[in-house]
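Analysis of the macromolecular model
Next come the chains, spelled out residue by residue.
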Amino acid sequence: MQPVVVPPGANLPELASAAANCRGCDLAELPGTRTVFGAGVARTWLVLVGEQPGDVEDRRGLPFVGPAGKLLDRALGDAGLDRAESYATNAVKHFGYRTGDGPRRIHQTPQARHVTACRPWLAAELNVIRPSLVVVLGATAGTSLLGPSFRVTKMRGRLLPGPPGSNARLLATLHPSAVLRADPASRDEVYAGFVADLRIAATARPAPVGGDQNSPPA
C-alpha cells in the first residue's frame, strides 16, 4: 500500500484524476476494478454519500447507476428532490467483492481500513463543493463522516451539525440497497420511511440568492 496523497487546491476533475492512481488500500489491487469518483453538480447545496460503488458502478465508472441508484432517483423524486441538482459520491471509491463458483462478483462490506484510506478523498470533495447539506446513506458513509459510534437506526431522519467551520448539516438515512434487500412484505413501508427521511432533506434546501445557485457562472 502507498500513502494517500491528495493534491492541494485541486478541483473535482483534478481530484478524480489523482484518485484514479490511489493505492491507499488493498481494494485497488482487486482485478478488474477502477476508482469510481463522485459525479454531479460541482456547485450545489446537496451531496449524497453512499457506501462504495457496486458491480454496475464499477463497470460504468459512475456512482449510483445500478439498481440502488435507480431506486434512489425514484425516492428523491417522491421526496421533491432531483438527482440532477446534487453531487453523488461514496465513502469508499473502489468496489470490494469476492467471487463465488461463477463469474459473478459478490459485494463485500468495506472494512474500517478501506473507509480510513478513502476518507481524505471524500473530505476533499466536500471541501471543494462546500454543500449546505450532506445526505448520509447508510452505515459506512455514517461511520466515515460521524465516527464509529454512528448508528443508522438511532440517527436517521434528523438534521445533524456538520464538521465545525463547514456550515453544513448532515442527514442520515438508509442506503437504498437496504430498501432493495428488505422483505417483500415490508418493502413498501421501508421505502416510505426512506422517502420520509429525504423529505426532511428537501426542507433544508436553501432559498436561492441572486438566482439559481446551480447555474454556471457568467
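Residues numbered from 1 in each chain as written. Predicted model: local features only at pLDDT ≥ 70, side-chain atom pairs only at ≥ 80, totals over all residues. Heavy atoms only, no water.

**Notes on the side chain of E51**
Note the threshold: Under the scheme used here, helices are H or I runs from DSSP no shorter than 4 residues and strands are E runs no shorter than 2 residues, and both carry numbers assigned from the N terminus. Working definition: with a 1.4 Å probe on protein chains only, accessible area under 20% of the residue-type maximum means buried, over 50% means exposed, and in between means partly exposed. A positive count includes Lys and Arg, and a negative count includes Asp and Glu. His and the chain ends are not counted in either. By convention in these notes, a salt bridge is any Lys or Arg side-chain nitrogen within 4 Å of a carboxyl oxygen on Asp or Glu. Should any heavy atoms of two residues lie within 4.5 Å, those residues are counted as being in contact.
Examined against the element boundaries, E51 turns out to sit in the loop between β2 (46-50) and α2 (55-60). Buried and unpaired, E51 has no salt bridge, with R181 as the nearest side chain of opposite charge at 6.7 Å. Ignoring anything within four residues of it in the chain, the contact list for E51 reads N90, A91, V92, H107, T109, P110, L137, T140 and H175.

**Some remarks on the pairing of β2**
This is how it is decided: One bridge is not enough; two strands pair if DSSP finds at least two bridges between them.
Among the five residues that make up β2, five are buried, leaving the element largely enclosed by the rest of the structure. Burial along β2 is two-sided: the residues L46, L48 and G50 and V47 and V49 are all buried. Bridge count for β2 against strand β3 (residues 86-90) is five bridges, and the pairing is parallel. Bridging from a neighbouring strand, V47 pairs with Y87 of β3. With four bridges connecting them, β2 and strand β6 (residues 133-137) associate as parallel partners.

**A short note on the sheet that holds β2**
Worth spelling out the cut-off: Structural elements are reduced to axes, namely lines fitted to C-alpha atoms, with helices fitted over the stretch in contact, and the angle between N-to-C directions of any two is expressed from 0 to 180 degrees.
Read across the open sheet, the six strands follow the order β1-β3-β2-β6-β8-β7; overall the sheet is mixed. Two strands in the sheet have a free side with no partner beyond their single neighbour: β1 (39-40) and β7 (159-161). Direction of pairing for β6 relative to strand β8 (residues 169-173): parallel, over a ladder of five bridges. What sits directly across from V135, in β8, is L171. The sheet strands contacting helix α5 (residues 139-146) are β2, β6, β7 and β8, and the helix crosses β6 at an angle near 130 degrees.

**Comments concerning the pairing of β6**
Judged by how many residues are buried, β6 sits mostly within the fold: five of five residues are covered. By the alternation rule, side chains of β6 split into L133, V135 and L137 and V134 and V136, which are all buried.

**Some words on the environment of G96**
Assignment of secondary structure puts G96 in the loop between β3 and β4 (97-99). The exposure class of G96 is buried, given its relative accessible area of 4%. On a C-alpha basis, the gap between G96 and M1 in space is 16 Å, while along the polypeptide they are 95 residues apart. Residues in contact with G96, not counting those within four places in the same chain, are L27, L30, Q52, I106, H107 and Q108.

**Points about the pattern of salt bridges**
Tallied over the full model, the rule gives eight salt bridges. The partner of R113 in a salt bridge is D26, and the shortest N-O contact between them spans 3.1 Å. You can see R113 sitting in helix α4 (residues 112-129) and its partner D26 sitting in the loop between α1 (12-19) and β1, a full 87 residues away along the chain. Ionic pairing is found between D197 and R156, a salt bridge with its closest N-O pair at 2.7 Å. In this pair, D197 is assigned in helix α8 (residues 187-203) and R156 in the loop between α6 (152-155) and β7, connecting sequence segments 41 residues apart. Note on D197: relative accessible area 7%, which makes it buried. Look at R156 and you get partly exposed, because its relative accessible area is 27%.

**Examining α1**
For an α-helix, the turn length of 3.6 residues means that residues three or four places apart are oriented alike. Test applied: This arc describes the spread of directions from the helix axis toward the C-beta atoms. Any N or O atom pair separated by 3.5 Å or less is treated as a polar contact, with the protein-specific requirement of one donor-capable and one acceptor-capable atom, and with residues adjacent in sequence counted only for side-chain atom pairs.
Of the residues making up α1, those classed as buried are L12, L15 and A19. The buried residues of α1 occupy an angular sector of 60 degrees when projected down its axis, which confines them to one face. Looking at the buried residues of α1, the elements they touch are β3 and α4. The backbone nitrogen of E14 lies 2.9 Å from a side-chain oxygen of the residue at the head of α1, namely N11.

**A closer look at the nonpolar core**
Which entries qualify depends on this criterion: Among buried residues, the Ala, Val, Leu, Ile, Met, Phe, Trp, Tyr and Cys ones that are joined through side-chain atoms within 4.5 Å form a nonpolar core.
Of all hydrophobic cores here, the largest spans 47 residues; its most connected members are L48, L133, V135 and F194. Looking at this core, the element that brings in the most residues is α8, giving six residues. Other than its neighbours up to four places away in sequence, L48 contacts L72, L76, R83, S86, Y87, A88, T89, V135 and L137. Of all hydrophobic cores here, the second largest spans six residues; its members include C25, V92, V115 and A117.

**Description of the packing of aromatic side chains**
Our working definition: Each pair of aromatic rings taken from Phe, Tyr and Trp, with Trp reduced to its six-membered ring, is defined by centres within 6.5 Å and is described as stacked if the planes are under 30 degrees apart, edge-to-face if over 60, and tilted in the remaining cases. Charge over a ring is defined by NZ of Lys or CZ of Arg lying within 6 Å of the ring centre and within 35 degrees of the ring normal.
Under the definition given, this model contains two aromatic pairs. Pairing F37 with W121 gives two aromatic rings, centres 6.5 Å apart and planes at 85 degrees, and the pair type is edge-to-face. In this pair, F37 is assigned in the loop between α1 and β1 and W121 in helix α4, connecting sequence segments 84 residues apart. Pair check on accessibility: F37 and W121 agree, each one buried. Here R74 stacks its cationic end above the ring of Y191, 4.2 Å away from the centre of that ring. Across the ring face of Y97, the terminal group of R105 is positioned such that the distance to the ring centre comes to 5.0 Å.

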